[in-house]
Amino acid sequence: MTQETDVDAVIRQRIRSLRLARGWSLDNLAGRCSLSPSTLSRIETGHRRIALDQLIPISRAFGTTLDALVESAGDEDVVIRPQPGHSQGLTTWILSTDDGLHGKTVAKMRITPERPQQPGVHPGRDWFTVLSGIVRLELGERTILVHPGEVAEFSTMVPHAICAHEGPVEILSILNHDGGVAHLHGGARPA
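Rules used throughout
Residues numbered from 1 in each chain as written. Predicted model: local features only at pLDDT ≥ 70, side-chain atom pairs only at ≥ 80, totals over all residues. Heavy atoms only, no water. Helix = DSSP H or I, 4+ residues; strand = E, 2+ residues; numbered from the N terminus. Buried < 20%, exposed > 50% of the residue type's maximum accessible area, 1.4 Å probe, protein only. Contact = heavy atoms within 4.5 Å. Areas by Shrake-Rupley, 256 points an atom, 1.4 Å probe, with all protein chains shown as cover. Axes fitted to C-alpha atoms, helices over the stretch in contact; angles between N-to-C directions. Parallel < 35°, antiparallel > 145°, perpendicular 65-115°, else oblique. Nonpolar A, V, L, I, M, F, W, Y, C, P; charged D, E, K, R; others polar. Arc of directions from axis to C-beta. Polar contact = N/O pair within 3.5 Å; in protein donor to acceptor, adjacent residues only side chain to side chain. Phe/Tyr/Trp six-rings, centres within 6.5 Å; stacked < 30°, edge-to-face > 60°. Lys NZ or Arg CZ within 6 Å of the ring centre and 35° of its normal.

Enquirer: Any chance you could explain the overall build of the protein chain here in plain terms?
Expert: The secondary structure content of the protein chain amounts to six helices and seven strands. Going residue by residue from the N terminus, the α and β elements of the protein chain occur as α-α-α-α-α-β-β-β-β-β-β-β-α. Evaluated residue by residue, the protein chain yields a buried proportion of 36% over its 191 residues. For the protein chain, the proportion of contacts with a sequence separation of at least 24, taken over those separated by at least 6, is 60%. When the accessible surface of the protein chain is summed, it comes to about 11,000 Å², and 52% of that surface belongs to carbon and sulfur atoms.

Written as structure tokens, this is what we have:
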């Protein structure tokens, strides 16, 4: 099969799978995208060539984007092999792709007591869970100890610093764009 044929087959399978997952008949989908049930049937079975002017209303009917409907089905982006990044007292592994899930970056961080403890602020919210060790979260005037298995979520407009308490800690964090800039390597300031 050619690459174009492979892509067509994936798109056809996605359309059928999305329709069936919603419990829609061909008539239901047809009513939502202004295409005839017979046209949709021929698209799904490969008896009709797929055209862009058909894919746009189909993707809208499913409440998804055209990009999501036609994206590559390759498995090259399934496994992420993070490389550690290092700065004083901090090792970071980025666990998400460049585009991240809904603009978020997932990172594993190992923080040691040598990490500078300069509080920072940035727009948004931070979320992390402690994998090992005890985190000392400096949040405004408060000091909060976060233990393994516990989760912290807070406004990042409050001055904050995530520090190791009595030894190294490992956390899993989900950061928005501003959090990524502030907390990850190459960021404007440590937090």
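Enquirer: What exactly am I supposed to notice about the packing of helix α2 (residues 26-33) against helix α3 (residues 37-45) here?
Expert: Between two packed helices, both the angle of their axes relative to each other and the distance between the axes serve to describe the pair. Where α2 contacts α3, the axes come no closer than 8 Å and their chain directions differ by 110°. By the angle between their axes, α2 is roughly perpendicular relative to α3. The residues of α3 that touch α2, namely those facing L26, D27, L29, A30 and C33, are P37, L40, S41 and E44. For the contact of α2 with α3, the per-class residue count stands at six nonpolar, one polar and two charged.

Enquirer: Explain α2 here, please?
Expert: For an α-helix, the turn length of 3.6 residues means that residues three or four places apart are oriented alike. Residues of α2 that are buried include every one of L29, A30 and C33, and no others. The arc that holds every buried residue of α2, seen down its axis, measures 105°, which confines them to one face. The exposed set on the far side of α2, more than 90 degrees from its buried face, consists of D27 and G31. At the N-terminal boundary of α2, the capping side chain belongs to S25, with an oxygen 3.3 Å from the backbone nitrogen of D27. Just downstream of α2, S34 is the residue with a positive phi angle, here 60°.

Enquirer: Which parts of the structure should I look at to understand the packing of aromatic side chains?
Expert: Geometry of an aromatic ring pair is reported as the spacing of the ring centres plus the angle between the planes. Going through the model one piece at a time under the given rule, you end up with two aromatic pairs. The interplanar angle of 10° and the centroid separation of 5.5 Å between the aromatic rings of W24 and F62 together place this pair among those described as stacked. Within this pair, whereas W24 is found in the loop between α1 (3-21) and α2, its partner F62 is found in the loop between α4 (52-61) and α5 (66-70), the two being separated by 38 residues in sequence. Taking the centre distance of 6.5 Å and the plane angle of 75° together, the rings of F128 and F154 count as edge-to-face. In this pair, F128 sits in strand β4 (residues 125-139) while F154 sits in strand β6 (residues 151-155), placing the two residues 26 residues apart along the sequence. F154 shares its class with F128; the two are buried. When the ring centre of W24 is taken as origin, the NZ or CZ atom of R22, which lies over that ring, is 5.7 Å away.

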